[in-house]
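Structural description and commentary
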Amino acid sequence: MIAFAYLNFSYILAMALESTHIVDITHAIQLAVAPVFLMTAIMTLINVLNARLGRTIDRRRLVEKMRHELPPDDLLHSQRLFNECQLHKHRLKLIYWSILSAVIAALLICLVVVGAFVGALISVEVSRGIAVLFILSIVALVFSLILFLREAYLMIEAHDIYG
């Protein structure tokens, strides 16, 4: 009778621990949904920045080609094209840094999701670490958006100056 009670207690304890892990993992999955939507937004931003990068590179190549085809005595037009080329060079740097910041934000979001699952699987308190990673990812995303805004301003300025 004692052996049966022990086996029954062991079974109930094992089931309780297993159901706790299932609840923890289910909760981790629910918590991972919001960061995944944020990842989708970040990937969309990277896609937009990548398209802008390609257009800026194409425009810079065209300006360089026009500059090299100018007659040597057309210094005024050559200087104007050189200035436009420098502006595009600055825009390329801003786009690059914006993409880098967005990728860092995405990687940090991935670490948030991993941390949530690791915490659920091994029952370790990781909430502060996850919070820090999430805050850092939002800071990287804000930095990326600020750079994107600055680049957009330069594009509008270039259009106003160079047509």
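Refer to the structure above for everything that follows.
Residues numbered from 1 in each chain as written. Predicted model: local features only at pLDDT ≥ 70, side-chain atom pairs only at ≥ 80, totals over all residues. Heavy atoms only, no water.

Describing the overall build of the protein
Each helix and strand in the protein was counted, giving three helices and zero strands. Moving toward the C terminus, one meets the helices and strands of the protein in the order α-α-α. The proportion of buried residues among the 163 residues of the protein is 28%. Considering only contacts within the protein whose residues lie at least 6 apart along the sequence, 84% involve residues at least 24 apart. Accessible area of the protein: about 11000 Å², with a carbon and sulfur share of 73%. (Helix = DSSP H or I, 4+ residues; strand = E, 2+ residues; numbered from the N terminus. Buried < 20%, exposed > 50% of the residue type's maximum accessible area, 1.4 Å probe, protein only. Contact = heavy atoms within 4.5 Å. Areas by Shrake-Rupley, 256 points an atom, 1.4 Å probe, with all protein chains shown as cover.)

Some thoughts on the nonpolar core
Soluble globular proteins tend to pack their nonpolar side chains together in the buried interior. The biggest cluster of nonpolar side chains holds 14 residues, and the ones touching the most others in it are Ile 42 and Leu 141. Elements with a minimum of two residues in this core: helix H1 (2–69), helix H2 (75–122) and helix H3 (127–162). Here Leu 141 is in contact with Leu 38, Ile 42, Leu 45 and Ala 105, once residues within four sequence places are set aside. Core analysis: the second largest hydrophobic core is formed by six residues, Leu 87, Leu 94, Leu 154 and Tyr 162 among them. (Core = buried A, V, L, I, M, F, W, Y, C linked by side-chain atoms within 4.5 Å.)

Section: H3
With 36 residues, H3 should cover 52 Å at 1.5 Å per step; its first-to-last C-alpha distance of 52 Å lies within 8% of that length. Looking at H3, one finds that the buried residues are Ile 130, Ser 137, Ala 140, Leu 141, Ser 144, Leu 147, Glu 151, Ala 152, Leu 154, Ala 158 and Tyr 162. (Expected span 1.5 Å × (residues − 1).)

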